[in-house]
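Structural overview
Residues per chain, in single letters:
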Amino acid sequence: MKNWTLRFRAVDKKNFEEVKSGIKSIETRAGTIKYQPIEIGDTLTFVCGKDRCVKKIIKKFHWHSINAMVKEIGFKKVMPSVESVDEMKKMYASYPNYEEKIKEHGLLGFELN
C-alpha cells in the first residue's frame, strides 16, 4: 500500500472541503500515467494550500468518458454541488487540458472512505 498526494488548486477549495467532509465520495482524475498506479487500499493525502486530509481508496473505476461514468455512478458523488451532468461537463472543461486528457486516457475514479 502506498500514499499518494493529490493537490487542489486554491480556486478549487470547495472540492477539497467536499472531500474532507465526505459529501464528495468519489474523486476523479484524468486517467493519465501519473494516476494509473493508484490502487484500492492506497491512501490519498489531499492538499489545498496549508489544509490536508487523508482518505483511503475502497474502490477504483476507469471510464472511457464522462458519459460512461455517469451511467455507472451518480454525478452527485463526484460533484455534489452541480445540478446536472451538463454542468459537471463544464466543470471538467474548466480544468487545464482536461477535455484532451479525458479523450486520450479516460477518467479514473477513486471511491473514498
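Comments concerning the pairing of strand β3 (residues 43-48)
With five of six residues buried, β3 lies mostly within the body of the structure. Bridging between strand β1 (residues 3-7) and β3 involves five bridges; their strand directions are parallel. Considered in β3, the bridge of Arg7 is made with Val47. Where β3 lies against strand β4 (residues 51-63), six bridges are found, and the strand directions are antiparallel. Its bridge partner lying in β4, Thr43 is registered against Lys56. Count of turn residues in the β3/β4 antiparallel hairpin: two residues, of which Gly49 carries a positive phi of about 65°.

What about the nonpolar core?
In terms of nonpolar packing, the biggest core is built from 18 residues, with Met69, Met88 and Tyr92 touching the most fellow members. Of all the elements in the fold, those that place two or more residues in this core are β2 (26-30), β4, α2 (66-72), α3 (75-78), α4 (85-94) and α5 (98-105). Sorting elements by how many residues they give to this core places α2 first, with three residues. Membership of the second largest hydrophobic core comes to 15 residues, among which are Ile38, Cys48, Ile57 and Leu112.

Definitions and limits used
- Residues numbered from 1 in each chain as written.
- Predicted model: local features only at pLDDT ≥ 70, side-chain atom pairs only at ≥ 80, totals over all residues.
- Heavy atoms only, no water.
- Buried < 20%, exposed > 50% of the residue type's maximum accessible area, 1.4 Å probe, protein only.
- Helix = DSSP H or I, 4+ residues; strand = E, 2+ residues; numbered from the N terminus.
- Pairing = 2+ DSSP bridges.
- Core = buried A, V, L, I, M, F, W, Y, C linked by side-chain atoms within 4.5 Å.

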